[in-house]
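Structural overview
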Amino acid sequence: MDAGAGPVAGAGLHEIALLTNPTAGGGRGARYRDAALQRLRDSGLVVRNLEGRDADEAADLARASVADGVEALVLCGGDGLVHLGVQAVAGTGVPLGIIPAGTGNDVARYLDLPRKDPVAAADRVVARRTRTLDLARSGSRYFVTVMAAGFDAIVNERANAMRWPKGQMRYNLATVAELRTFHPLPYTLDLDGATRRVDAMLVAVGNGPSFGGGLRITEGALLDDGLLDVVIIKEMSRAKLVRTYPKLFSGTHTTVAEYEHHRVRRVTVAAPGIVAYADGERFGELPLTVEAVPGALVALA
């Protein structure tokens, strides 16, 4: 977004859309939206204040705003809302801004955005500095962070089916429950045309280095190298899996013998009975083919 550029056809001068998930972060979304909205309007921006009744309506609002020519789409929520917004702006050149208000906020981490100060995050939008990032794409759907396709995805499936408890504890309980019966999965991978068959605990495809609130599963992944980072955690005992899990927060799991890492432009992941998650959202049943899309996202940073 060039500070010297004129108005965009179909939108007012310096008009942006602010799309909020008010329930993000246990209600932080609504509070952070109010604080950010005031700051954005005080700066002279014209702000469309948008909120969908559900994910489908929010997606429609995002697409309509981009089609109408707003100068930026700003999202107040967590990685789920970012995932939704990315579908609207990918490949368009319309910048994406973030007022982080979720529990994970991995994309905000990538961009080093303030995660506990919505006014400071709004100031990043006002400053209009941009960074161009790659995205990962499967079919017509994009993701920013990591696609989980193994034990971590199974835990997500169980956690999403649980009504209690809320927050991180639900995932902790789902992890314990799945560990009791989990067995390595037979994967077939196509890595830029090379076939790899392996029994593994999980396969992760990273556009960026972390997911799930800072789990650095694809440690070392770069957001602008035009490549995907594919991490395989090969067969290991349940006890070792439990011991390895905390290392994901520091990225030191790369030292375990069962760790395997590939950098590719395109990967197909196949394993029976697995529903993959990407950006923390239900993404699709395997097999899935994912490709890197260089420079597909312009982010306000």
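So, here is what we can say about the structure in this document. Everything numeric here is computed off the predicted structure, so don't read it as measured data.

Quick look at the overall build of the protein chain now. In terms of helices and strands, the protein chain carries 8 helices and 15 strands. Relative to the globule expectation of 19 Å for 301 residues, the C-alpha radius of gyration of the protein chain, 19 Å, shows essentially globular dimensions. Here the C-alpha coordinates of the protein chain stretch approximately 60 × 40 × 30 Å along the principal axes. Residue burial in the protein chain is summarised as follows: out of 301 residues, 53% are buried. Sequence separation of at least 24 residues holds for 70% of the intrachain contacts in the protein chain that already meet a minimum separation of 6.

Among the nonpolar cores identified, the biggest contains 53 residues, and M147, Y187, V205, V267 and V269 are the most heavily contacted of them. With residues near it in sequence (within four places) discarded, M147 still touches V203, A204, V205, V269, A276, Y277, A278, F283, L288 and V290. Among the nonpolar cores identified, the runner-up in size contains 34 residues, and A17, A58, A108 and A296 belong to it.

Attention shifts here to the pattern of salt bridges. When the charged atoms of two side chains with opposite charge come close together, those side chains can pair. Enumeration over the complete set of coordinates arrives at 15 salt bridges. Here E258 ties to K240 by a salt bridge, and the two come within 3.0 Å at their closest N and O atoms. Remark: K240 occurs in helix α8 (residues 238-244) and E258 occurs in the loop between α8 and β11 (259-264); sequence separation between them is 18 residues. For E258, a relative accessible area of 14% translates into the label buried. The network of salt bridges with common partners includes E15, R48 and D68.

Bringing the pairing of strand β3 (residues 73-77) into the picture now. Burial of β3 is extensive: 5 of the 5 residues sit out of reach of the surface. Judged by which residues are buried, β3 turns out to be covered on both faces: L73, L75 and G77 on one side and V74 and C76 on the other are all buried. Here strand β1 (residues 15-20) runs beside β3; their pairing, made up of 4 bridges, is parallel. What sits directly across from T20, in β3, is C76. As defined by bridge partners, β3 adjoins strand β4 (residues 96-100) across 5 bridges and the pair is classed as parallel. Residue L73 lies in a different strand from β4, and its bridge partner there is L96. Assessed by its sense of winding, the connection that carries the chain from β3 through helix α3 (residues 79-89) to β4 is right-handed.

Right, let's talk about a nonpolar patch on the surface for a bit. Taken together, the side chains of W164, M169 and L173 define a hydrophobic patch exposed on the protein surface, amounting to about 370 Å² of accessible area. When you line up the elements, W164 lands in the loop between α6 (151-161) and α7 (168-179). For W164, a relative accessible area of 67% corresponds to the exposed category.

What follows concerns the packing of helix α1 (residues 24-42) against helix α5 (residues 118-127). With their axes 8 Å apart at the nearest point, α1 and α5 run at an angle of 40° to one another. Our classification of the angle between α1 and α5 gives oblique. By crossing handedness, the relation of α1 to α5 is classed as right-handed. Of the residues in α5, those touching α1 at Y32, A35, A36, R39 and L40 are P118, V119, A122, D123, V125 and V126. A breakdown of the residues in the contact of α1 with α5 according to their chemical character gives 9 nonpolar, no polar and 2 charged.

Another aspect to go through is the environment of S138. Counting through the fold element by element, S138 comes out in strand β5 (residues 130-138). The exposure class of S138 is buried, given its relative accessible area of 12%. If near-sequence neighbours (up to four positions away) are discounted, S138 is found in contact with F283, L288, T289 and V290.

Moving on: the environment of A122. Here A122 lies in helix α5. Overall, A122 belongs to the buried group, its relative accessible area being 0%. The spatial distance from the C-alpha of A122 to the C-alpha of R39 is 6.6 Å, given a sequence separation of 83 residues. Beyond its immediate sequence surroundings of up to four residues, A122 is in contact with A36, R39, L40 and I99.

About the thresholds
- Residues numbered from 1 in each chain as written.
- Predicted model: local features only at pLDDT ≥ 70, side-chain atom pairs only at ≥ 80, totals over all residues.
- Heavy atoms only, no water.
- Helix = DSSP H or I, 4+ residues; strand = E, 2+ residues; numbered from the N terminus.
- Rg over C-alpha atoms; globule rule 2.2 N^0.38 Å.
- Buried < 20%, exposed > 50% of the residue type's maximum accessible area, 1.4 Å probe, protein only.
- Contact = heavy atoms within 4.5 Å.
- Core = buried A, V, L, I, M, F, W, Y, C linked by side-chain atoms within 4.5 Å.
- Salt bridge = Lys/Arg side-chain N within 4 Å of Asp/Glu carboxyl O.
- Pairing = 2+ DSSP bridges.
- Right-handed = clockwise from strand over helix to strand, strands pointing away.
- Patch = residues over 30% accessible without salt bridge, like charges linked within 9 Å, V, L, I, M, F, W, Y side chains within 5 Å.
- Areas by Shrake-Rupley, 256 points an atom, 1.4 Å probe, with all protein chains shown as cover.
- Axes fitted to C-alpha atoms, helices over the stretch in contact; angles between N-to-C directions.
- Parallel < 35°, antiparallel > 145°, perpendicular 65-115°, else oblique.
- Left-handed = near helix turned anticlockwise from the far one by under 90°.
- Nonpolar A, V, L, I, M, F, W, Y, C, P; charged D, E, K, R; others polar.

Just distances and angles here, no functional claims.
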